[in-house]
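# Structural overview
Spelled out, the chains give:
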Amino acid sequence: MYDIKNTAKGLVAHGVSTCAGCGLELIIRHILDVLGENTVIVIPPGCAALFSGYGKETALRIPGFQGNLENTAAIAAGIRAGFEVQGRHDITVLAFAGDGATVDIGIQALSGMFERGERVLYVCYDNEAYMNTGIQGSGSTPFMAATTTTPGGKPSRRKNMLEIAAAHGIPYAASASAAYIDDLKKKVEKAKNTDGPSYLHIHTPCPTGWGFDPALSVSLARAAVQTGAWVLYEIEKGKLKLNSKTTKLKPVSDYLKPQGRFKHLSDKDIQDIQQEIDEYIQVLASRSENQAVI
Amino acid sequence: MKKEIRRMLDGNGAATEALKLARVQVISAYPITPQSPIAEKLSELVVSHKLEARYIRVESEHTALSCAIGAQLTGVRAATATSSVGLALMHEILGVASGCRVPIVMPVVNRALVSPWSLWCDHQDAMAERDSGWLQFYTENVQEVMDFILIAYNIAEHTEILTPAMVCLDGFFLSHSTQPVMTPDQETVDAFLPPYRSKNLFLDPKDPMFINNLTSPDEFSEMRFQQKVAFERALDIIPEVQNHFAGIFGRQYGLLEAHECEDAEVVLVTMGSMAGTAKYTANMMRKAGHKVGVIKISVFRPFPVAQLAGLLKGKKVVGVIDRSAGLGAQGGPLWLEVKAALPDNDTRVFDYVAGLGGRDITEKTIETIFTGLLQKVNKKDANPDAPGVCWIDTHPDAMSVREVIVND
Amino acid sequence: MPGQPEKHMNKPGKNNKTRTVYGPVATVFASVNTGSWRILRPGPDHSRCAGCGQCETFCPTGVIEIIDDPAKEGGRGKVVEIDWAYCKGCGICADVCPKKCIRMVEEKKGNENEERN
């Protein structure tokens, strides 16, 4: 069906109007490289909708549907059921939504899909705010981060969506990062082969929304992991496995300082954040059955 | 040769049976009074393999319709059903189904919208969705529930229509009222309704396309226009399909039905289960020498303007019963349509709001309306064009139904 | 307006290889010329490039490829090739290069799609 106007190496067009240095753009290429063309994608409105395209043109070479902001998981579940009754079990159904569409307005449909055990691969690309509408705070915006609706810094903690997902008892849930592509690809492969719902929550820096030099997107995502502000781990059949180190972490200020959204933080604020990270890391480490490798 | 059997079914049962006969393959349903028996019975049919389908026990009506759209785009008939606030929760997704031309057929068990909370019938739920781009059928009895659903599939999936359809049945009055229904056999229905094929947009990795992406102002109107054309074509195609149905099953339906209208001095326009009461009352009044007639609107979207105008040509006085309030408008939604269909200034059209929140529209209510309309013909009102809607069955003490104790 | 629907119904495609579909759908796989966004462009020092592929892995636009250079290291050498039509000039490649052999240099307007050393 697709009329190929410009060729591309993979399943994603190269010229897409995401911002320079976009973490989401980086991961969607690698994810679709792993999943291949026997995949159907559901994308809600948001930054990822730039890949849905405009008018006649799309930036994806696989079939897709742009749903509403809150029903990504529901449409994906319907697509899965439609293929299942026709015996087409080999197709991957990928739901690809941002943090707002996942942890806020889409959490009901997502929770339902998890609970029913539908075989859908749900990816949340987390850029930690409603970026496409102009950087408004979401349930995934971190504590104290400034957005256009939390201009003084977000006074509350973020939702821990990965734990919420895992609490449904789904067979596979994992966090990943735009800075650890090999780790991400392994997780996508695992999720693809999971017989049931799988959930990947991926940290994807946003230079525009976070206020940093686009060149630093990957370094910053890496700093998040190296400081423990973002932890890579998997929960497989209820068992937690750490994929990133929990010891000898760098101070969180390494991650916070380059970002405009945290520039108002006092030393005390940074101390508080550091303390919270230290505590959470201990919790994860005590639950983990292994030593981290990255 | 058709082999129909006569069964006792209620409206929900008939709707369920019709969805089964249409061989729906994916069902996503959420329970709501008075639709719940449809959601229950379908799950039972699936678990007992009487219907080969996937049943998705969704967590909301919003998801129910979203799932149905996703499933149908893969190339199967997907079904859901709802009522009242459930339909309201679907509102956003109704436009996706119609805009993406996904021809889902959905039974809507009419129930009042909040507030006040009501479990019972009126048409406000479906009327609130009258511009959602769905075809709307309204049924008078349980047989029509069965037949209109089968007919609706054939119309909705027509290559020139490709538009989803609601088949409305009055909550409790039809959904829970058991009536004898001629139930067709599967083979005959299969011949009337061939297996589903995606004729327009679909999701298939073997033939990929990206559906429902952002559309520019340069093309938006054109896509709405495509829908408008489908509705206009439906006015021709619905009667063709209804005739085809009549040829097979022997039951003839139309966009609307006229009862004793030819020589009638006054005609009352009705919709849904009230039509039966209105026809019965008209017969009684005719026996008493009053020339009254009834029109039943079976298809509200598209609205059969020309057919209605033809039937009402030359009539001096027409009444309309709206089973929804039309707050702030010049009249209820059905009245607005009837009024707009009759450019002839000689016809005076009077609106009666009745039957809200489960109030029965009785023979007495209909008789009161007919009597009033006849007076308008014979006596000429003092103020014939008086604006306003007559809330015919509302208690005179409406403004003081609650009196509370003052604490001060 | 009677007559309007008839005029618009059931149009065949413009030729026998196409058909008309209704509703919002994209069927053309296309790119926009994001290369025109560049203010800075990556300037790789090919002589120092080890061909590790970090820039290729982390380029969000997917426009970097590590290719063999027959003129380098007796044919075993690798160099960085960039598709200038789409490179947005974000600078991630320069940042992630372990040998720091990509330097961001000023884009000369008008030459966006041309190779420049």
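Residues numbered from 1 in each chain as written. Chains lettered and ligands numbered in written order. Predicted model: local features only at pLDDT ≥ 70, side-chain atom pairs only at ≥ 80, totals over all residues. Heavy atoms only, no water.

Helix and strand counts for chain B come out as twelve helices and 16 strands. For chain B, whose C-alpha radius of gyration is 22 Å, the value lies close to the compact-globule estimate of 22 Å for 408 residues. With the principal axes as the frame, chain B shows a C-alpha extent of 70 × 65 × 50 Å. In chain B, which comprises 408 residues, the proportion classed as buried is 59%. Sequence separation of at least 24 residues holds for 82% of the intrachain contacts in chain B that already meet a minimum separation of 6. As presented, chain B carries roughly 16,400 Å² of accessible surface, and 53% of it is formed by carbon and sulfur atoms. (Helix = DSSP H or I, 4+ residues; strand = E, 2+ residues; numbered from the N terminus. Rg over C-alpha atoms; globule rule 2.2 N^0.38 Å. Buried < 20%, exposed > 50% of the residue type's maximum accessible area, 1.4 Å probe, protein only. Contact = heavy atoms within 4.5 Å. Areas by Shrake-Rupley, 256 points an atom, 1.4 Å probe, with all protein chains shown as cover.)

Per-residue pLDDT for chain C has a mean of 85; in total, 79% of the residues score no lower than 70. This stretch, residues 1-10 of chain C, has a pLDDT under 50; its non-local contacts, to residues over four places away or in other chains, come to ten contacts. (pLDDT = per-residue confidence, 0-100.)

All names here are of chain B. One can find G272 in the loop between β11 (266-270) and α9 (274-287). The exposure class assigned to G272 is buried, which follows from its relative accessible area of 1%. Sequence-wise, G272 and R323 are 51 residues apart; in three dimensions their C-alpha atoms are separated by 9.1 Å. Ignoring anything within four residues of it in the chain, the contact list for G272 reads H123, Y138, T139, E140 and D170.

Looking now at the interface of chain A and chain C. Contacts between the two partners involve 43 residues from chain A and, on the opposite side, 28 residues from chain C. Here chain A meets chain C over a buried area of about 2,800 Å², counting both sides, of which 58% is carbon and sulfur. When the area that chain A buries against chain C is broken down by residue, the three leading residues are N6, K9 and H14 of chain A, summing to 19%. Scanning the region where chain A abuts chain C turns up one salt bridge. The residue E25 of chain A makes a salt bridge to K88 of chain C at a minimum N-O spacing of 2.8 Å. In this assembly, chain A and chain C are joined by 24 residue pairs in polar contact (both at pLDDT 80 or more). At the level of elements, β1 (3-4), α1 (23-35), β3 (57-58) and α9 (217-227) of chain A are the ones that each hand at least two residues to the side of chain A that touches chain C. Considering only residue class, the side of chain A that touches chain C consists of 21 nonpolar, twelve polar and ten charged. (Buried area = accessible area lost by both parts, 1.4 Å probe. Salt bridge = Lys/Arg side-chain N within 4 Å of Asp/Glu carboxyl O. Polar contact = N/O pair within 3.5 Å; in protein donor to acceptor, adjacent residues only side chain to side chain. Nonpolar A, V, L, I, M, F, W, Y, C, P; charged D, E, K, R; others polar.)

Between chain B and chain A, the residue contacts involve 40 residues of the former and 44 residues of the latter. Carbon and sulfur atoms supply 59% of the area that chain B and chain A bury against each other, a total of about 3,200 Å² over both sides. Ranking the residues of chain B by area buried against chain A places P205, P208 and F210 of chain B at the top, with a combined share of 21%. Linking chain B with chain A are four salt bridges, by the criterion used here. Among the salt bridges present, the one from R88 of chain A reaches D204 of chain B, with a minimum N-O distance of 2.7 Å.

Right, let's talk about the sheet that holds β11 of chain B for a bit. Residues and elements named next belong to chain B. The strand order across the open sheet formed by six strands is β10-β12-β11-β14-β15-β16, and the pairing between neighbours is mixed. Every interior strand has two partners, whereas the edge strands, β10 (256-259) and β16 (390-391), have only one. Seen against the sheet, α9 touches β10, β11, β12 (292-297) and β14 (317-322) and runs at an angle of roughly 165° to β12. The sheet strands contacting helix α11 (residues 333-341) are β11, β12, β14 and β15 (348-353), and the helix crosses β14 at an angle near 150°. (Pairing = 2+ DSSP bridges. Axes fitted to C-alpha atoms, helices over the stretch in contact; angles between N-to-C directions.)

Our next topic: the sheet that holds β3 of chain A. As summarised here, the arrangement of the three strands in space is β1(A)-β2(C)-β3(A), forming an open sheet in which the pairing is parallel. Of all the strands in the sheet, just β1 and β3 of chain A have a single pairing partner and so form its edges. In terms of strand pairing, β1 of chain A meets strand β2 (residues 28-29) of chain C through two bridges, oriented parallel. Residue D3 of chain A lies in a different strand from β2 of chain C, and its bridge partner there is V28 of chain C.

With that settled, consider the pattern of salt bridges. Oppositely charged side chains are able to pair whenever their charged atoms sit close together. Residues and elements named next belong to chain B. For the structure on display, the rule yields 43 salt bridges over all chains. One salt bridge in this structure joins E44 and K41, with 3.6 Å as the shortest N-O distance. Taken together, the residues E44 and K41, both in helix α2 (residues 36-47) and three residues apart, mark about one turn of the helix. Exposure remark for E44: the relative accessible area of 45% places this residue in the partly exposed category. Residue K41 is classed as partly exposed on the basis of its relative accessible area of 38%. Taking the shortest distance from any N to any O, the salt bridge between R233 and D236 comes out at 3.2 Å. Note that R233 and D236 are positioned in helix α8 (residues 217-249) at a spacing of three residues, about one turn of the helix. Given the relative accessible area of 35%, D236 is considered partly exposed.

Ranked by size, the top nonpolar core spans 165 residues in total, and within it I31, L60, F96 and Y199 of chain A together with I69 and V338 of chain B carry the most contacts. When residues are assigned to domains, this core turns out to be shared by domain 1 (5-249) and domain 2 (256-391) of chain B, each giving three or more. Leave out the neighbours within four places in its chain, and I69 of chain B touches F65 of chain A together with I93, V96, A97, V102 and I104 of chain B. Core analysis: the next-biggest nonpolar cluster, separate from the first, contains 53 residues, Y153, I155, V167 and L174 of chain B among them. (Core = buried A, V, L, I, M, F, W, Y, C linked by side-chain atoms within 4.5 Å. Domains from an automatic or database assignment.)

Turning our eyes to something else, we now look at the pairing of strand β6 (residues 135-138) of chain B. Residue and element names in this part refer to chain B. Of the two faces of β6, the one lined by L135 and F137 and the one lined by Q136 and Y138 are each fully buried. Bridge count for β6 against strand β7 (residues 165-170) is four bridges, and the pairing is parallel. The residue bridging L135 from the neighbouring strand is A165, located in β7. For the handedness criterion, the β-α-β arrangement of β6, helix α6 (residues 142-156) and β7 is classed as right-handed. Bridge count for β6 against strand β13 (residues 299-301) is two bridges, and the pairing is antiparallel. Each residue of the ladder has a partner; that of F137, found in β13, is V299. (Right-handed = clockwise from strand over helix to strand, strands pointing away.)

Per the stated rule, a full pass over the model turns up twelve aromatic pairs over all chains. Here the aromatic rings of F96 of chain A and Y125 of chain A are separated by 5.2 Å at their centres, their planes lie at 20°, and the arrangement is stacked. With F96 of chain A in strand β5 (residues 92-98) and Y125 of chain A in strand β6 (residues 121-126), the pair connects residues that are 29 residues apart, well separated along the chain. For the pair formed by F96 of chain A and Y125 of chain A, the shared burial category is buried. Over the ring of W84 of chain C we find R41 of chain C; its NZ or CZ atom is 4.0 Å from the centre of that ring. (Phe/Tyr/Trp six-rings, centres within 6.5 Å; stacked < 30°, edge-to-face > 60°. Lys NZ or Arg CZ within 6 Å of the ring centre and 35° of its normal.)

All names here are of chain B. We note that the domain assignment places domain 1 (5-249) and domain 2 (256-391) within chain B. Interface area for domain 1 against domain 2, summed over the two sides, is near 2,100 Å², with a carbon-plus-sulfur share of 59%. Scanning the region where domain 1 abuts domain 2 turns up 15 residue pairs in polar contact (both at pLDDT 80 or more). The set of elements that each furnish at least two residues to the side of domain 1 that touches domain 2 consists of α5 (124-127), β6, α6 and α8. Considering only residue class, the side of domain 1 that touches domain 2 consists of 15 nonpolar, five polar and six charged.

For the rest of this paragraph, the subject is the packing of helix α3 (residues 72-85) of chain A against helix α5 (residues 107-116) of chain A. All names here are of chain A. Closest axis-to-axis distance for the α3/α5 pair is 7 Å, and the angle between their directions is 35°. Across the interface between the two elements, A73, A74 and A77 of α3 pack against A109, L110, M113 and R116 of α5. Split into classes, the residues belonging to the contact of α3 with α5 amount to six nonpolar, no polar and one charged.

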